[in-house]
Amino acid sequence: MSFPNDQIKIICVLLALINVQFGLSAEEIKFFAKNVEPSKNCSNQICSDGIFKWHKSKTKILHVGGIFPMVGGWPGGQSCLPSAIMALNQVNLNQSILPNYRLKLNWFNSECNPGKGISNLYEMLFHKEKNEDDIIMLLGPGCSDVSSSVAEVANYWNLTVLSFGSSSPALSNRKRFKTFFRTHPSAILDNPARLSLCKQFNWNKIATLQDNKEVFTSTVDNLEKEAIQFGIEILDRQTFTNDPTYAVKNLKKLDARIIVGVFYEQEARKVFCQAYKEDMLFPKYIWMIIGWYSENWYLENNHEISCNQTEMEIAVYGHLTTEVQFFSNEIYEKLDYGLSVIDYNEFFRHFVSSTEWKAYSNSFYKIDYKYKQSVPMEEMKSLMDIYDKIDNEQSNEIEKLGGYLERSLAFDAVWVMAYALNETLKEFGNFDNFQISNYTISNFIKESMKMTNFKGISGMVTFNDQGDRISEVLYEQLQNVSGSLTYVKLGNHFKKNFNCCKNISWGSSLHPPIDGVQRKIKINKIKTIYSMIFTLLSAFTVLIGILCLVFNYKCKNRKIVKNSQPTLNNSMIFGSILCLVSVLIQSLDKSDLPTTTFSFICQIQESFLLIGFTIGYSSLFSKIWYVYSASIQKKKNKDIFPEKLKNYTIVVIMVLIDIVFLFVWIFKDPLQKFTQKLGDEMGESDEIIYEPEIHICKCKHEIVWMGICFSVKGISLILGLYLSYETRNSKIEIMNDSRYAALSIYNIVVLSVITAPVVIIIRNQLDAVFCFLAFSINLCSLLTYALMFVPKVKHVVKHTIEQDIHEDLIIETMLKEKKEKYLALSVTNHNLNEKIEKKKDFLMRIEQILNPETFCNETENQPSGDDYDEFEEPEDSSSSSLKNNNSLMRLSFKNFSFKKEISNIIQHET
Ligand code: ABU
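Predicted model only: the values in this text are computed from it and were never measured. (Residues numbered from 1 in each chain as written. Predicted model: local features only at pLDDT ≥ 70, side-chain atom pairs only at ≥ 80, totals over all residues. Heavy atoms only, no water.)

### With respect to the sheet that holds strand β1 (residues 41-43)
And step 1. Read from one edge of the open sheet, 3 strands run β1-β2-β3, paired in antiparallel fashion. In this open sheet, the two edge strands, each paired with only one partner strand, are β1 and β3 (52-55). On average, each strand axis in the sheet is inclined to that of its neighbour by 25°, with strand direction left out of account.
And step 2. In this structure, β1 lies alongside strand β2 (residues 46-49), joined through 3 bridges in antiparallel fashion. By the bridge assignment, Cys42 is partnered in β2 with Cys47.
And step 3. Of the strands in this sheet, β2 and β3 are in contact with helix α3 (residues 77-93), which crosses β3 at around 15°. (Pairing = 2+ DSSP bridges. Helix = DSSP H or I, 4+ residues; strand = E, 2+ residues; numbered from the N terminus. Axes fitted to C-alpha atoms, helices over the stretch in contact; angles between N-to-C directions. Contact = heavy atoms within 4.5 Å.)

Right, here's the structure in full:
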């Protein structure tokens, strides 16, 4: 054999390596069909060697390679091999097709394993009998992954590969698989069918779960593309290799309800066992899987999984399947090769239950066991058991065979092969000594394949440019029919025509399930009850404010009003009304308003609140300020009656500051409608989750603006608090309500200090913010009205204007009397002061007298004879002490003289 190029040499080395890996020697690996080939015998023009039959005239052999998956992910060879042999016999018995030539199938078991598939190809190409022709075509492989490997390699020998069981969309790549054809339609046909079904039941979110094999990856790749056209969202794409546990768990976490699963039946059992454990069951969860698994696939090989039969039945109940149509709709119509679908089915059952087939299958199992240690013994044994049980009656055992549905594709594939080879034979006259290197023949075979067009068991057999077939897709559902699980046909999908699903069941539910928890956007608004309560309350407060204004106006001539600076009180009421209006604006339902209008209302609301607060608060502040400055002035004996204009100055300045601030704010960074998402909320049922959001007024540099605003207001509040405290004992006649103003300021400070931070902290709770703010503003306003007006109203109610005048008169008289008294007292005071001065002089004189120095000078002056006479001398005296007695007597006399003088002065004074 000559190699077409160097690449092939490399592949040969690889194949050799694979062979080494399996540990089989070339001698050991014999094509086992050959080993069991019984001796040939011919009678009545028909020759047979056990299961194979041919017309006696067909003396020449055309070798056809075969790769069948007898076990593994998709053990389609179990049905497709007998079906292919049936077709082979038909062809070989038919003299009009391939005259003189009979097809001889050299087949291998790939076990649905790409490595083994390559090894099989290697065996076919390099371990043939001496003088035996090369294989002219390859029937199979069955599994897509095996086909991908084999077809890519076969391309280098220009070997035409015709698969009966490969669904992978990846195999439609003509550049990669130049010589590949298949009677199995591509799995991409299932995708529009799946998506149409989803649309039908309004499932707009689906998830996919796939085995990590090229066949399934390319199917899901295509599904993702198609889904975009259908407007269906692929929520998630989970992939697994061998163990789907975490993939299934993830789907549950993501709340995927509609799951398209693509995997072989081995993995399907694991997936559904896990789905059972996760409680991802019908009808809440809809599993949409491949429909070509064998009958009762979920009950097979349960030792691989940890679910028992009942659990598996619960898990798979209700799932939906899609599968391409494997049989022609015209089941009674005789097809080109003389059979109808009905005939074929009967023939197949008869063939598989025949003793020839049983002998054949049993012997290749034994040989397989002898030579191929890697064959999974358990699976092969159970296959033999199934074959053994199949009888010619109507038992369902036959349906348990892998590839039971696809058997028609293998049958048609052999016919495709036969027709193409027949055409080639016609062209070249013979296939004598066919060598695979004969590109002329193999190219012609390939071209003939493209021309295929006949009515087969599986419908019209033609290939498009990619070597694919177009087919109808069937929908089925596993339903509970009279107590047993049965696949029920629901309808079909063909070339965008959707025809389904009158007899679909939703189990315990009347309606199709939803495609996931419905996430609904819920715009949180202020609850009507709250907005009603506070709208009414605010309206009431506004009314009270207006009544106070009216009172001020009506009683403007009453002294109690006149002396309360009514204009400041009016401006205070006006300010509070603005704040209340801002509450009313806030209570409006603005959620449906366009963004610009919403933003405009934000500015208005914010401006009303700010300006309103400033006017209201600064009016009260002015009163206190007035009292405070008056008391200072009074201390300095200055003008204690400042001009009226001064009262408004503070209000005007504060409002001007606000206006400038608001202007800059709105101009630089206006408040905008901002949608704030809140945490998810569970709906009425576990099918609905609300995504609440609120629309609030926000600007980019909110912190900066709030900071400035709160700082300014904070300072004015602290100042107000201080002034209120300082003026607590001050009273000014023309500001008769200054104490109430001070109390009102205390209220405002306390409520502002509580409200502002709380409102900022809970700003996402629309109801709470609204209620808190509205309550604060109303409370503040009502308390201020009460403090400022109740005493006045009470006074006005209790006193008539005449009483007021009378009281004024009394006060005036009293004042006059007091003034007179004051004057009299002033005179007395003056006199007393003078007296005090005199006393002071007197005391000074006494001090001078008592002063010792003064005393010595005085002793030199002798008292007068009169004074001395008045003084009594002591009787008892001696001569030595006479002198001292004299001096003592003199002092006593002196003392006596002073006393006399003092008493004279006192007498004089009094
Ligand atoms: N219907 C069987 C498909 C198997 C495969 O594509 O691998």
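### Quick notes on the UniProt feature "transmembrane region" (unreviewed entry) in the protein chain
And step 1. UniProt records the feature "transmembrane region" (unreviewed entry) at residues 529-551, 572-588, 608-628, 648-667, 703-723, 743-762 and 768-790, using the numbering of this structure.
And step 2. Annotated as residues 529-551, this span is 100% helix and 0% strand, and its ends, taken at the C-alpha atoms, are 33 Å apart.
And step 3. Helix makes up 100% of residues 648-667 and strand makes up 0%, while its end C-alpha atoms are separated by 28 Å. (UniProt positions renumbered as here; feature names shortened; annotations may be inferred.)

### Re the environment of Val517
And step 1. Checked against the element boundaries, Val517 lands in the loop between β18 (497-499) and β19 (518-523).
And step 2. Residue classification places Val517 among the buried positions, given a relative accessible area of 9%.
And step 3. For the pair Val517 and Tyr690, spaced 173 residues apart in the sequence, the C-alpha separation amounts to 9.6 Å.
And step 4. Among all residues touching Val517, those that are not within four sequence positions of it are Lys205, Asp255, Arg257, Asp686, Glu687, Ile688 and Ile689. (Buried < 20%, exposed > 50% of the residue type's maximum accessible area, 1.4 Å probe, protein only.)

### Considerations on the side chain of His319
And step 1. Here His319 shows up in the loop between α10 (309-316) and β13 (320-324).
And step 2. Within the local environment of His319, its side chain forms a polar contact with the side chain of Tyr487, the two groups lying 2.8 Å apart.
And step 3. Contacts of His319, omitting those with residues within four sequence positions, involve Phe272, Trp287, Ile289, Trp297, Glu476, Gln477, Leu478 and Tyr487. (Polar contact = N/O pair within 3.5 Å; in protein donor to acceptor, adjacent residues only side chain to side chain.)

### Points about the site of the ligand
And step 1. Every residue lining the ligand is accounted for by Trp74, Cys143, Ser144, Gly165, Ser166, Ser167, His184, Val215, Tyr264, Trp292 and Glu406.
And step 2. Tyr264 places a polar side-chain atom, nitrogen or oxygen, 2.3 Å from an oxygen atom of the ligand.
And step 3. Within the side chain of Trp292, a nitrogen or oxygen atom sits 3.4 Å from a nitrogen atom of the ligand.
And step 4. A total of 250 Å² of accessible area belongs to the ligand in isolation, and the protein chains cover 100% of it.
And step 5. Among the residues making up the shell around the ligand, the classes are represented as 5 nonpolar, 5 polar and 1 charged.
And step 6. Viewed by domain, the shell around the ligand spans two of them, domain 2 (50-161 + 328-404 + 406-471) and domain 3 (188-326 + 474-517), each represented by three or more residues. (Near = heavy atom within 4 Å. Areas by Shrake-Rupley, 256 points an atom, 1.4 Å probe, with all protein chains shown as cover. Nonpolar A, V, L, I, M, F, W, Y, C, P; charged D, E, K, R; others polar. Domains from an automatic or database assignment.)

### Describing the state of the cysteines
And step 1. This model, assessed by the stated rule, comprises 5 disulfides.
And step 2. In this model, Cys273 is linked to Cys307 through a disulfide, with the two sulfur atoms separated by 2.0 Å. Taking the torsion about the S-S bond as the criterion, the Cys273 to Cys307 disulfide, at about 85°, is right-handed. With Cys273 in helix α9 (residues 265-277) and Cys307 in the loop between β12 (286-290) and α10, this residue pair connects regions lying 34 residues apart in the sequence. Here Cys273 and Cys307 have matching classes, each one buried.
And step 3. Paired through a disulfide, Cys602 and Cys697 show a sulfur-sulfur distance of 2.0 Å. Torsion about the S-S bond of the Cys602 and Cys697 cystine: about -80°, corresponding to left-handed handedness. (Disulfide = S-S within 2.5 Å.)

### Here's the deal with the environment of Gln676
And step 1. Considering the arrangement of structural elements, one finds Gln676 in strand β20 (residues 672-677).
And step 2. Taking the C-alpha atoms as reference points, Gln676 and Glu693, 17 residues apart in sequence, are found 5.4 Å from one another.

### Section: the packing of aromatic side chains
And step 1. Counted under the stated rule, the structure contains 43 aromatic pairs.
And step 2. With 6.1 Å between their ring centres and 55° between their planes, Tyr264 and Trp292 make a pair best called tilted. One end of the pair, Tyr264, is in the loop between β11 (258-262) and α9; the other, Trp292, is in the loop between β12 and α10, with 28 residues separating them in the sequence.
And step 3. Overall, Tyr264 belongs to the buried group, its relative accessible area being 3%.
And step 4. Look at Trp292 and you get buried, because its relative accessible area is 9%.
And step 5. Relative to Phe498, the ring of Tyr475 lies with its centre 5.6 Å away and its plane at 70°, an arrangement referred to as edge-to-face. Of this pair, Tyr475 sits in strand β16 (residues 473-481) while Phe498 sits in strand β18, and the two are 23 residues apart along the sequence.
And step 6. Residue Tyr475 is classed as buried on the basis of its relative accessible area, which comes to 1%.
And step 7. The ring of Trp54 carries the charged tip of Arg102 above its face, separated from the ring centre by 3.6 Å. (Phe/Tyr/Trp six-rings, centres within 6.5 Å; stacked < 30°, edge-to-face > 60°. Lys NZ or Arg CZ within 6 Å of the ring centre and 35° of its normal.)

### Remarks on the packing of helix α14 (residues 407-428) against helix α15 (residues 439-450)
And step 1. Relative to each other, α14 and α15 sit at 130°, their axes nearing to 9 Å. As summarised for this structure, α14 and α15 are arranged oblique, according to the angle between their axes. By crossing handedness, the relation of α14 to α15 is classed as right-handed. Residue-level contacts link Val416, Ala420, Leu421, Glu423, Thr424, Glu427 and Phe428 of α14 to Thr440, Ile441, Phe444, Ile445, Ser448 and Met449 of α15.
And step 2. Residues that form the contact of α14 with α15 fall into these classes: 8 nonpolar, 3 polar and 2 charged. (Parallel < 35°, antiparallel > 145°, perpendicular 65-115°, else oblique. Left-handed = near helix turned anticlockwise from the far one by under 90°.)

### Some thoughts on helix α16 (residues 528-554)
Residues spaced three or four apart along an α-helix face the same direction, because each turn holds 3.6 residues.
And step 1. With 27 residues, α16 should reach 39 Å at 1.5 Å per residue; the first-to-last C-alpha distance of 38 Å fits that figure.
And step 2. Summarising the contacts, the buried residues of α16 are in contact with α17 (559-562), α18 (566-587) and α23 (766-798). (Expected span 1.5 Å × (residues − 1).)

### Digging into the nonpolar core
And step 1. Grouped together as the largest cluster of nonpolar side chains are 152 residues, with contacts concentrated most on Phe68, Leu98, Leu139, Leu209 and Leu421.
And step 2. The element best represented in this core is α14, accounting for 12 residues.
And step 3. Residues within four places of Leu209 in sequence aside, it is in contact with Gln238, Phe240, Ala247, Val248, Leu251, Ile259, Val260, Gly261, Val262, Phe263, Val271 and Trp287.
And step 4. Grouped together as the second largest cluster of nonpolar side chains are 44 residues, Ile577, Met654, Leu717 and Val769 included. (Core = buried A, V, L, I, M, F, W, Y, C linked by side-chain atoms within 4.5 Å.)

### Some details on the sheet that holds β12
Sheet strands associate in pairs through backbone hydrogen bonding, adopting either a parallel or an antiparallel arrangement.
And step 1. Taken in spatial order, the 8 strands line up as β10-β9-β11-β12-β13-β16-β17-β18 in an open sheet, and their pairing is mixed. Each end of this open sheet is capped by a strand with a single partner; those strands are β10 (233-240) and β18. Each strand axis lies, on average, 25° off the axis of its neighbour in the sheet, ignoring direction.
And step 2. Bridge count for β16 against strand β17 (residues 484-494) is 9 bridges, and the pairing is antiparallel. Its bridge partner being in β17, Glu476 is matched across the sheet by Lys489.
And step 3. Contacts between helix α8 (residues 245-253) and the sheet are confined to β9 (205-211), β10 and β11, with β10 contributing the most and set at about 160° to the helix.
And step 4. Where α9 meets the sheet, its contacts fall on β9, β10 and β12, and the angle it forms with β12 comes to roughly 175°.

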